[in-house]
Amino acid sequence: METSKISTVPKTTRIKVKLIKYFAVENFRSIKEENALEFDRHLPDQPNFVAHPVIGFAGANASGKTTILQAITFALWFMQDSFFKIEKDAPIPIAPFCTNSDHPTKFHIIFSQEMPSAGEERRVDFEYELSLNEHEVIYETLHYYPLGRKRIAYIRDGREIKIGSSLSRPANDLRSFARDLRRNSSIISYAAQFPSQELAIACKNYQVWSNVTYSGLRELEFNPGILEDLLHDEETYSRTREFLKIADVGIEDIHYEQLHGEPLEQAIRELKEMGEEQRRALPPRLIENLDRVLERQELAIINLWFRHSIDSVLVDFDPDQESSGTQKFLTILHLVIQALQEGSILILDEIELKLHQNLVAYLIGLFENARENLKGAQLLFSFHNTSLMKLLLPEQLWFTEKNDKGQTEVFSASDFEDIKEIHEKDLEKLYRIGRFGAKPRGI
């Protein structure tokens, strides 16, 4: 498998940055002591990327790979959605280290976001810190760095609230704003309700998708409806077909049928006669717009087909006829294309599950290719297939390992300063001989 390096970008190309640069976590699940991860360490000569667009996590089973991805996911989820997703008197779904439940869990994250300034979009770094337990937020701050200078956005210490002097006030009476801020939600998710709070809104809209939750891995299930967004847009449709051909999964083309006249009326009748369970199995977009479809008799994609070349003849396959590996690839490809289009963060635990290593390598390469990744999307993933290490720089390769006390420790291949000329070394070989640790004990 060929190794891939980040390609150069023409000077006229400017990436819209939305990258995580730094993350630290303490007292979360199997992590007890603070672990800090620098995703902007030793960047190649790549001015358009302010952090590595691809970060991979390797290690033995139960070493904490999922845990670190859960920590990143939780910190961003709590910052953005806790005011609406946690009921007023409900506990915060946080899990401290089992012997350290009396101490708070802490997060520290630095990320970049494009913000309008003086009539144009400028990159602004945000620094978010959070300390909380199951019952309440203890301490929370958001700082931002316009033109490289640190400024206060929000500081929350217990019930005390401070808003930066350069920000508009969310309400005439700051005491009423503080009073309505719940103990179990972030100040960012709450302040983002106020149109004047542009920084909170920017953080709320920082786009993240993850297949892990605070309770574990969320299985990716193929649904033909997920491809509707891709097929409705001609540019995306063309890009999807191009990716499929390059990935060599045997699909020559994707096409769909739109019904008119009697076939459309028949489809509408069948929809009306469907039971509740059958309706829940429909594509998400159709479910959301079912009333409109039934009332106005509007139906977009009704039949989706994958075209294969078999014995020099083009044959259409129903989505259900595709292999589970192809279905998984299509599901992930949908997420990847969305991330690249929107410049979002994509977090995938066990990325190679049901996927051939060459397909995984191809997806990783899309993020590292600055011509494809024009909006600064970032991929964070865990993996078991050690051959994927060949695709990563030492700064992009992170390991998780349980120490003798059962605590997860996270470290990078670039931390091994005693390995001379590490960028010229075969990282997979070094891992296999135990140079980095992070292997199952006894092997």
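Above: the structure in question.
Residues numbered from 1 in each chain as written. Predicted model: local features only at pLDDT ≥ 70, side-chain atom pairs only at ≥ 80, totals over all residues. Heavy atoms only, no water.

Further remarks concern the environment of G158. By secondary structure assignment, the location of G158 is in the loop between β7 (151-157) and β8 (160-163). For G158, a relative accessible area of 29% puts it in the partly exposed group. Between the C-alpha atom of G158 and that of Y139, which follows or precedes it by 19 residues, the distance is 6.2 Å. (Helix = DSSP H or I, 4+ residues; strand = E, 2+ residues; numbered from the N terminus. Buried < 20%, exposed > 50% of the residue type's maximum accessible area, 1.4 Å probe, protein only.)

Another point: unusual backbone geometry. For H42, which is not glycine, the phi dihedral falls at a positive 50°. Take H42: it is sitting in the loop between β2 (35-38) and β3 (54-59). On the accessibility criterion, H42 (53% relative accessible area) is exposed. The backbone of E350 sits at a positive phi, close to 55°, despite the residue not being glycine. Summarising the element assignment, E350 is placed in the loop between β15 (345-348) and α12 (357-368).

A word on the sheet that holds strand β17 (residues 397-402). If you walk across this open sheet you meet the 6 strands as β9-β15-β16-β3-β17-β18, and the pairing is mixed. The two strands at the open ends of the sheet, each matched to only one other strand, are β9 (208-210) and β18 (408-412). Taken over all neighbouring pairs, the strand axes of this sheet differ in orientation by 15° on average, direction set aside. The pairing of β17 with β18 spans 5 bridges and is antiparallel. By the bridge assignment, K402 is partnered in β18 with T408. Lying over the sheet, helix α11 (residues 324-342) contacts β9 and β15, oriented at roughly 155° with respect to β15. Relative to strand β16 (residues 378-382), α12 is tilted by about 145°, and along the sheet it contacts β3, β15 and β16. (Pairing = 2+ DSSP bridges. Axes fitted to C-alpha atoms, helices over the stretch in contact; angles between N-to-C directions. Contact = heavy atoms within 4.5 Å.)

Worth remembering: the numbers are spatial, not functional.
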